[in-house]
Amino acid sequence: MQGQGSPHVGRGIACAFVGGVLWGFSGNCAEVLMLDYGLDVLWMTPARMFVAAALFLAVALVRDRARLGALLRDGRTMLRLVAYGIFGVLLMQVTYLYAIQYAGAGTALTLEQLCLLFVLAYVCAKARRLPNKGELAGTAFAAFGVVCIATQGDAANLHAQAAGIAWGVASGLAMALYNILPMEPLERYGTPIVNGVGLLIGAIVCSAFTHPWTYEVDLPPEGWAVFAGLAVVGTFVAYFLYIQGVNDAGPMRASLLACSEPVTGTFVSAIWVGTAISSWDIAGLVSIVVMVFLVVLSGRQGSVEPKADADAAADANDAKPERTAAD
(Lines give C-alpha, C1' and ligand atoms only; values in the text may rest on other atoms or scores of the structure.)
Protein backbone atom coordinates (compact mmCIF):
# COMPACT_ATOMS: atom_id res chain seq x y z
CA MET A 1 0.00 0.00 0.00
CA GLN A 2 1.24 3.43 -0.86
CA GLY A 3 0.66 6.39 1.40
CA GLN A 4 2.52 5.43 4.56
CA GLY A 5 6.02 6.79 4.07
CA SER A 6 5.56 6.83 0.28
CA PRO A 7 8.04 9.06 -1.57
CA HIS A 8 5.23 10.01 -3.94
CA VAL A 9 2.68 11.44 -1.49
CA GLY A 10 3.02 14.92 -3.01
CA ARG A 11 2.39 13.52 -6.48
CA GLY A 12 -0.58 11.59 -5.15
CA ILE A 13 -2.12 14.70 -3.57
CA ALA A 14 -1.76 16.63 -6.83
CA CYS A 15 -3.17 13.75 -8.90
CA ALA A 16 -6.18 13.19 -6.62
CA PHE A 17 -7.01 16.90 -6.55
CA VAL A 18 -6.80 17.35 -10.33
CA GLY A 19 -8.73 14.11 -10.81
CA GLY A 20 -11.55 15.52 -8.67
CA VAL A 21 -11.43 18.75 -10.67
CA LEU A 22 -11.82 16.82 -13.93
CA TRP A 23 -14.69 14.80 -12.46
CA GLY A 24 -16.44 18.10 -11.86
CA PHE A 25 -15.81 19.02 -15.51
CA SER A 26 -17.27 15.67 -16.61
CA GLY A 27 -20.48 16.51 -14.76
CA ASN A 28 -20.80 19.70 -16.79
CA CYS A 29 -20.23 17.77 -20.02
CA ALA A 30 -22.91 15.26 -19.03
CA GLU A 31 -25.33 18.05 -18.16
CA VAL A 32 -24.84 19.71 -21.56
CA LEU A 33 -25.23 16.38 -23.39
CA MET A 34 -28.49 15.64 -21.57
CA LEU A 35 -30.04 19.10 -21.67
CA ASP A 36 -28.83 20.43 -25.02
CA TYR A 37 -28.54 17.25 -27.07
CA GLY A 38 -31.03 14.93 -25.34
CA LEU A 39 -28.50 12.16 -24.80
CA ASP A 40 -29.81 9.35 -22.59
CA VAL A 41 -27.93 8.46 -19.42
CA LEU A 42 -28.40 4.74 -20.13
CA TRP A 43 -26.38 5.13 -23.35
CA MET A 44 -23.92 7.69 -22.07
CA THR A 45 -22.79 5.75 -18.98
CA PRO A 46 -21.56 2.54 -20.64
CA ALA A 47 -20.31 4.44 -23.71
CA ARG A 48 -17.99 6.67 -21.70
CA MET A 49 -16.77 3.66 -19.73
CA PHE A 50 -16.00 1.66 -22.89
CA VAL A 51 -14.07 4.57 -24.41
CA ALA A 52 -12.02 5.14 -21.26
CA ALA A 53 -11.39 1.39 -20.81
CA ALA A 54 -10.13 1.12 -24.39
CA LEU A 55 -7.70 4.00 -23.82
CA PHE A 56 -6.40 2.54 -20.56
CA LEU A 57 -5.90 -0.90 -22.06
CA ALA A 58 -4.16 0.60 -25.10
CA VAL A 59 -1.70 2.32 -22.75
CA ALA A 60 -1.21 -0.95 -20.86
CA LEU A 61 -0.56 -2.91 -24.06
CA VAL A 62 2.04 -0.39 -25.22
CA ARG A 63 3.97 0.09 -21.99
CA ASP A 64 3.27 -2.94 -19.79
CA ARG A 65 2.01 -5.91 -21.80
CA ALA A 66 3.77 -8.43 -19.55
CA ARG A 67 1.96 -7.29 -16.41
CA LEU A 68 -1.38 -7.22 -18.26
CA GLY A 69 -0.84 -10.85 -19.21
CA ALA A 70 0.18 -11.65 -15.63
CA LEU A 71 -3.08 -10.14 -14.35
CA LEU A 72 -5.16 -12.31 -16.67
CA ARG A 73 -3.49 -15.36 -15.09
CA ASP A 74 -4.00 -14.03 -11.54
CA GLY A 75 -7.44 -15.33 -10.62
CA ARG A 76 -7.49 -13.83 -7.11
CA THR A 77 -6.74 -10.31 -8.31
CA MET A 78 -9.18 -10.65 -11.23
CA LEU A 79 -11.94 -11.47 -8.76
CA ARG A 80 -11.03 -8.34 -6.80
CA LEU A 81 -11.16 -6.27 -10.00
CA VAL A 82 -14.56 -7.74 -10.85
CA ALA A 83 -15.74 -6.48 -7.45
CA TYR A 84 -14.06 -3.12 -8.14
CA GLY A 85 -15.65 -2.82 -11.59
CA ILE A 86 -19.14 -3.64 -10.32
CA PHE A 87 -19.28 -2.30 -6.75
CA GLY A 88 -16.80 0.56 -7.22
CA VAL A 89 -16.85 1.94 -10.76
CA LEU A 90 -20.36 1.00 -11.92
CA LEU A 91 -22.24 1.17 -8.63
CA MET A 92 -20.78 4.61 -7.90
CA GLN A 93 -22.24 6.01 -11.12
CA VAL A 94 -25.61 4.23 -10.92
CA THR A 95 -26.38 5.05 -7.28
CA TYR A 96 -25.42 8.69 -7.78
CA LEU A 97 -27.76 9.03 -10.79
CA TYR A 98 -30.64 7.44 -8.86
CA ALA A 99 -29.93 9.71 -5.89
CA ILE A 100 -30.25 12.70 -8.23
CA GLN A 101 -33.49 11.30 -9.66
CA TYR A 102 -35.15 10.77 -6.27
CA ALA A 103 -33.62 13.53 -4.16
CA GLY A 104 -32.13 16.16 -6.46
CA ALA A 105 -28.52 16.99 -7.29
CA GLY A 106 -27.85 18.95 -4.08
CA THR A 107 -28.90 16.14 -1.76
CA ALA A 108 -27.16 13.52 -3.90
CA LEU A 109 -23.89 15.45 -3.92
CA THR A 110 -23.99 15.97 -0.17
CA LEU A 111 -24.85 12.36 0.66
CA GLU A 112 -22.13 11.08 -1.68
CA GLN A 113 -19.58 12.77 0.57
CA LEU A 114 -20.44 10.23 3.25
CA CYS A 115 -17.66 8.32 1.50
CA LEU A 116 -15.29 10.39 3.66
CA LEU A 117 -16.71 8.79 6.79
CA PHE A 118 -16.72 5.28 5.30
CA VAL A 119 -13.11 5.59 4.16
CA LEU A 120 -12.03 7.11 7.47
CA ALA A 121 -13.69 4.23 9.33
CA TYR A 122 -11.84 1.74 7.11
CA VAL A 123 -8.49 3.49 7.53
CA CYS A 124 -8.83 3.64 11.30
CA ALA A 125 -10.06 0.05 11.58
CA LYS A 126 -7.18 -1.13 9.41
CA ALA A 127 -4.67 0.66 11.64
CA ARG A 128 -6.61 -0.11 14.84
CA ARG A 129 -6.64 3.50 15.97
CA LEU A 130 -8.92 6.51 16.41
CA PRO A 131 -9.07 9.37 13.86
CA ASN A 132 -6.42 12.03 14.37
CA LYS A 133 -7.06 15.78 14.50
CA GLY A 134 -5.96 16.39 10.91
CA GLU A 135 -8.34 13.74 9.55
CA LEU A 136 -11.27 15.05 11.57
CA ALA A 137 -10.57 18.67 10.61
CA GLY A 138 -10.12 17.85 6.93
CA THR A 139 -13.34 15.83 6.87
CA ALA A 140 -15.24 18.63 8.63
CA PHE A 141 -14.04 21.34 6.23
CA ALA A 142 -14.72 19.13 3.20
CA ALA A 143 -18.24 18.30 4.40
CA PHE A 144 -18.99 21.94 5.23
CA GLY A 145 -17.81 23.10 1.81
CA VAL A 146 -19.91 20.55 -0.04
CA VAL A 147 -22.99 21.34 2.07
CA CYS A 148 -22.57 25.07 1.35
CA ILE A 149 -22.47 24.47 -2.38
CA ALA A 150 -25.27 21.90 -2.38
CA THR A 151 -27.76 23.65 -0.06
CA GLN A 152 -26.98 27.32 -0.76
CA GLY A 153 -27.64 27.97 2.93
CA ASP A 154 -31.16 26.57 2.88
CA ALA A 155 -31.57 23.21 4.59
CA ALA A 156 -34.87 22.76 2.74
CA ASN A 157 -32.79 22.02 -0.36
CA LEU A 158 -31.76 18.78 1.33
CA HIS A 159 -35.36 17.63 1.82
CA ALA A 160 -35.62 14.18 0.27
CA GLN A 161 -37.78 11.09 0.27
CA ALA A 162 -36.54 7.94 1.96
CA ALA A 163 -35.61 6.42 -1.41
CA GLY A 164 -33.45 9.44 -2.27
CA ILE A 165 -31.63 9.28 1.07
CA ALA A 166 -31.09 5.53 0.67
CA TRP A 167 -29.61 5.95 -2.83
CA GLY A 168 -27.46 8.83 -1.60
CA VAL A 169 -26.03 6.79 1.27
CA ALA A 170 -25.43 3.94 -1.19
CA SER A 171 -23.55 6.32 -3.49
CA GLY A 172 -21.28 7.32 -0.59
CA LEU A 173 -20.58 3.67 0.18
CA ALA A 174 -19.89 2.95 -3.51
CA MET A 175 -17.48 5.89 -3.64
CA ALA A 176 -15.68 4.49 -0.60
CA LEU A 177 -15.43 1.06 -2.26
CA TYR A 178 -14.05 2.77 -5.36
CA ASN A 179 -11.24 4.14 -3.18
CA ILE A 180 -10.58 0.96 -1.19
CA LEU A 181 -11.04 -2.02 -3.51
CA PRO A 182 -8.26 -1.30 -6.05
CA MET A 183 -5.49 -0.65 -3.50
CA GLU A 184 -3.87 -4.09 -3.57
CA PRO A 185 -4.19 -4.54 -7.38
CA LEU A 186 -2.66 -1.09 -7.89
CA GLU A 187 0.41 -2.16 -5.96
CA ARG A 188 0.93 -5.15 -8.23
CA TYR A 189 -0.23 -4.00 -11.64
CA GLY A 190 -0.30 -0.20 -11.83
CA THR A 191 -2.90 2.43 -12.70
CA PRO A 192 -3.59 1.84 -16.45
CA ILE A 193 -4.18 -1.90 -16.07
CA VAL A 194 -6.38 -1.65 -12.97
CA ASN A 195 -8.45 1.20 -14.38
CA GLY A 196 -8.79 -0.39 -17.81
CA VAL A 197 -9.94 -3.75 -16.53
CA GLY A 198 -12.23 -2.20 -13.88
CA LEU A 199 -13.90 0.14 -16.36
CA LEU A 200 -14.28 -2.63 -18.94
CA ILE A 201 -15.95 -4.94 -16.43
CA GLY A 202 -18.26 -2.14 -15.27
CA ALA A 203 -19.16 -1.24 -18.87
CA ILE A 204 -19.93 -4.85 -19.81
CA VAL A 205 -22.15 -5.41 -16.77
CA CYS A 206 -23.91 -2.08 -17.33
CA SER A 207 -24.51 -2.84 -21.01
CA ALA A 208 -26.03 -6.22 -20.15
CA PHE A 209 -28.83 -4.38 -18.34
CA THR A 210 -29.17 -1.11 -20.32
CA HIS A 211 -28.64 -2.38 -23.91
CA PRO A 212 -27.02 0.86 -25.16
CA TRP A 213 -26.92 -0.46 -28.74
CA THR A 214 -30.72 -0.04 -28.91
CA TYR A 215 -30.49 3.77 -28.53
CA GLU A 216 -30.38 6.07 -31.53
CA VAL A 217 -27.60 8.62 -31.09
CA ASP A 218 -27.41 11.47 -33.59
CA LEU A 219 -25.02 14.14 -32.34
CA PRO A 220 -23.64 17.07 -34.36
CA PRO A 221 -19.84 17.53 -34.43
CA GLU A 222 -19.92 19.88 -31.44
CA GLY A 223 -21.98 17.31 -29.52
CA TRP A 224 -19.37 14.64 -30.19
CA ALA A 225 -16.72 17.10 -29.03
CA VAL A 226 -18.55 17.44 -25.70
CA PHE A 227 -18.84 13.65 -25.47
CA ALA A 228 -15.09 13.40 -26.10
CA GLY A 229 -14.59 15.82 -23.20
CA LEU A 230 -16.77 13.58 -21.03
CA ALA A 231 -15.16 10.27 -22.03
CA VAL A 232 -11.53 11.27 -22.56
CA VAL A 233 -10.92 14.19 -20.19
CA GLY A 234 -13.64 13.63 -17.59
CA THR A 235 -13.31 9.83 -17.44
CA PHE A 236 -9.99 8.54 -18.84
CA VAL A 237 -7.73 11.36 -17.61
CA ALA A 238 -9.74 11.92 -14.40
CA TYR A 239 -9.72 8.23 -13.44
CA PHE A 240 -6.02 7.92 -14.33
CA LEU A 241 -5.05 10.81 -12.08
CA TYR A 242 -7.42 10.00 -9.24
CA ILE A 243 -6.48 6.32 -8.95
CA GLN A 244 -2.81 7.30 -9.15
CA GLY A 245 -3.58 9.60 -6.22
CA VAL A 246 -5.14 6.71 -4.29
CA ASN A 247 -2.04 4.61 -4.97
CA ASP A 248 0.45 7.33 -3.97
CA ALA A 249 -1.33 9.18 -1.17
CA GLY A 250 -3.84 6.61 0.09
CA PRO A 251 -7.66 6.44 0.00
CA MET A 252 -8.33 8.90 2.83
CA ARG A 253 -6.43 11.81 1.30
CA ALA A 254 -7.75 10.98 -2.15
CA SER A 255 -11.39 10.93 -1.04
CA LEU A 256 -10.92 14.27 0.73
CA LEU A 257 -9.31 15.85 -2.30
CA ALA A 258 -12.09 14.55 -4.56
CA CYS A 259 -14.27 17.21 -2.91
CA SER A 260 -12.75 19.54 -5.51
CA GLU A 261 -15.41 18.03 -7.83
CA PRO A 262 -18.36 20.23 -6.75
CA VAL A 263 -16.15 23.34 -6.83
CA THR A 264 -15.17 22.69 -10.43
CA GLY A 265 -18.73 21.81 -11.35
CA THR A 266 -19.97 25.07 -9.91
CA PHE A 267 -17.47 27.35 -11.62
CA VAL A 268 -17.43 25.57 -14.98
CA SER A 269 -21.23 25.66 -14.95
CA ALA A 270 -21.09 29.41 -14.35
CA ILE A 271 -18.77 29.93 -17.32
CA TRP A 272 -20.24 27.36 -19.70
CA VAL A 273 -23.94 27.12 -18.79
CA GLY A 274 -24.32 30.58 -17.25
CA THR A 275 -25.23 29.50 -13.72
CA ALA A 276 -24.80 32.29 -11.16
CA ILE A 277 -22.16 31.93 -8.41
CA SER A 278 -23.48 32.78 -4.95
CA SER A 279 -21.80 33.73 -1.70
CA TRP A 280 -22.49 30.16 -0.52
CA ASP A 281 -20.48 28.84 -3.47
CA ILE A 282 -17.60 31.09 -2.44
CA ALA A 283 -17.87 29.91 1.18
CA GLY A 284 -17.81 26.30 0.00
CA LEU A 285 -14.77 26.96 -2.16
CA VAL A 286 -12.87 28.57 0.73
CA SER A 287 -13.72 25.66 3.03
CA ILE A 288 -12.52 23.11 0.49
CA VAL A 289 -9.31 25.08 -0.12
CA VAL A 290 -8.68 24.97 3.65
CA MET A 291 -9.23 21.21 3.52
CA VAL A 292 -6.66 20.92 0.71
CA PHE A 293 -4.08 22.77 2.82
CA LEU A 294 -4.79 20.44 5.76
CA VAL A 295 -4.31 17.39 3.53
CA VAL A 296 -1.06 18.76 2.10
CA LEU A 297 0.18 19.55 5.62
CA SER A 298 -0.61 16.02 6.77
CA GLY A 299 1.41 14.76 3.81
CA ARG A 300 4.46 16.66 5.04
CA GLN A 301 4.09 15.59 8.66
CA GLY A 302 3.28 11.93 8.06
CA SER A 303 0.67 9.85 6.39
CA VAL A 304 -2.92 9.61 7.54
CA GLU A 305 -3.09 6.14 6.00
CA PRO A 306 -2.67 2.87 7.91
CA LYS A 307 0.56 0.96 7.83
CA ALA A 308 0.37 -2.21 5.81
CA ASP A 309 0.91 -5.43 7.67
CA ALA A 310 4.59 -6.27 7.29
CA ASP A 311 4.06 -9.90 6.34
CA ALA A 312 1.32 -9.09 3.84
CA ALA A 313 3.46 -6.40 2.29
CA ALA A 314 6.36 -8.80 1.96
CA ASP A 315 4.14 -11.40 0.32
CA ALA A 316 2.79 -8.81 -2.09
CA ASN A 317 6.28 -7.71 -3.02
CA ASP A 318 7.37 -11.30 -3.60
CA ALA A 319 4.41 -11.90 -5.92
CA LYS A 320 4.68 -8.54 -7.66
CA PRO A 321 5.84 -8.53 -11.31
CA GLU A 322 8.62 -6.19 -12.29
CA ARG A 323 7.55 -2.57 -12.56
CA THR A 324 8.18 -0.45 -15.59
CA ALA A 325 9.98 2.86 -15.29
CA ALA A 326 6.73 4.64 -16.15
CA ASP A 327 5.17 3.59 -12.83
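Conventions adopted
- Residues numbered from 1 in each chain as written.
- Predicted model: local features only at pLDDT ≥ 70, side-chain atom pairs only at ≥ 80, totals over all residues.
- Heavy atoms only, no water.
- Salt bridge = Lys/Arg side-chain N within 4 Å of Asp/Glu carboxyl O.
- Helix = DSSP H or I, 4+ residues; strand = E, 2+ residues; numbered from the N terminus.
- Buried < 20%, exposed > 50% of the residue type's maximum accessible area, 1.4 Å probe, protein only.
- Expected span 1.5 Å × (residues − 1).
- Polar contact = N/O pair within 3.5 Å; in protein donor to acceptor, adjacent residues only side chain to side chain.
- Patch = residues over 30% accessible without salt bridge, like charges linked within 9 Å, V, L, I, M, F, W, Y side chains within 5 Å.
- Areas by Shrake-Rupley, 256 points an atom, 1.4 Å probe, with all protein chains shown as cover.
- Phe/Tyr/Trp six-rings, centres within 6.5 Å; stacked < 30°, edge-to-face > 60°.
- Core = buried A, V, L, I, M, F, W, Y, C linked by side-chain atoms within 4.5 Å.
- pLDDT = per-residue confidence, 0-100.
- Contact = heavy atoms within 4.5 Å.

1. Observations regarding the pattern of salt bridges
Next, step 1: One pass over the full model with this rule turns up 5 salt bridges.
Next, step 2: Across the pair D248 and R11 runs a salt bridge whose closest N-O atoms are separated by 2.7 Å. Residue D248 is located in helix 11 (residues 221–249), and its partner R11 is located in helix 1 (residues 9–37); the two are separated by 237 residues in the primary sequence.
Next, step 3: Using a relative accessible area of 1% as the deciding quantity, one classes D248 as buried.
Next, step 4: Close ionic contact of R188 with D74 constitutes a salt bridge, the shortest N to O distance being 3.8 Å. Of this pair, R188 sits in helix 9 (residues 183–189) while D74 sits in the loop between helix 3 (65–72) and helix 4 (75–103), and the two are 114 residues apart along the sequence.
Next, step 5: D74 sits in the buried class, given a relative accessible area of 15%.
Next, step 6: The structure contains a network of salt bridges with shared partners spanning D74, R76, E184 and R188.

2. Quick look at helix 2 (residues 41–63)
Next, step 1: With 23 residues, helix 2 extends 33 Å between its outermost C-alpha atoms, agreeing within 8% with the 33 Å of an ideal straight helix rising 1.5 Å per residue.
Next, step 2: For helix 2, the complete set of buried residues consists of W43, M44, T45, P46, A47, R48, M49, A52, A53, F56, L57 and A60.
Next, step 3: Backbone nitrogen of L42 and a side-chain oxygen of the N-cap are separated by 2.8 Å at the start of helix 2; the cap is D40.

3. So, a nonpolar patch on the surface
Next, step 1: Judged by side-chain polarity, V51, L55, V232 and V233 come together as a nonpolar surface patch covering roughly 220 Å² of accessible area.
Next, step 2: Among the secondary structure elements, those contributing two or more residues to the nonpolar patch are helix 2 and helix 11.
Next, step 3: As for its placement among the helices and strands, V51 is situated in helix 2.
Next, step 4: Taking relative accessible area as the criterion, V51 reaches 30% and is therefore assigned partly exposed.

4. With respect to the packing of aromatic side chains
Next, step 1: Enumeration according to the criterion identifies 9 aromatic pairs in this entry.
Next, step 2: Between W43 and F227, the ring centres sit 5.3 Å apart and the planes meet at 45 degrees, which makes this aromatic pair tilted. Of this pair, W43 sits in helix 2 while F227 sits in helix 11, and the two are 184 residues apart along the sequence.
Next, step 3: Look at W43 and you get buried, because its relative accessible area is 13%.
Next, step 4: The class for F227 is buried, based on a relative accessible area of 8%.

5. Re the nonpolar core
Next, step 1: With 46 residues, the main nonpolar core has Y84, Y178, L199, Y239 and Y242 as its most contacted residues.
Next, step 2: Listed in part, the 13 residues of the second largest apolar core include V32, L39, V226 and F227.

6. Concerning the confidence of the model for the protein chain
Next, step 1: With 73% of its residues at a pLDDT of at least 70, the protein chain reaches an overall mean of 77.
Next, step 2: Averaged pLDDT values for the elements of the protein chain fall to 39 in helix 15 (residues 310–319) and rise to 92 in helix 10 (residues 191–210).
Next, step 3: Across residues 1–5, where pLDDT falls below 50, the model places 22 contacts with residues more than four positions away in sequence or in other chains.
Next, step 4: Note that residues 306–327 has pLDDT below 50 and, in this model, 29 contacts with residues that lie over four places away or in other chains.

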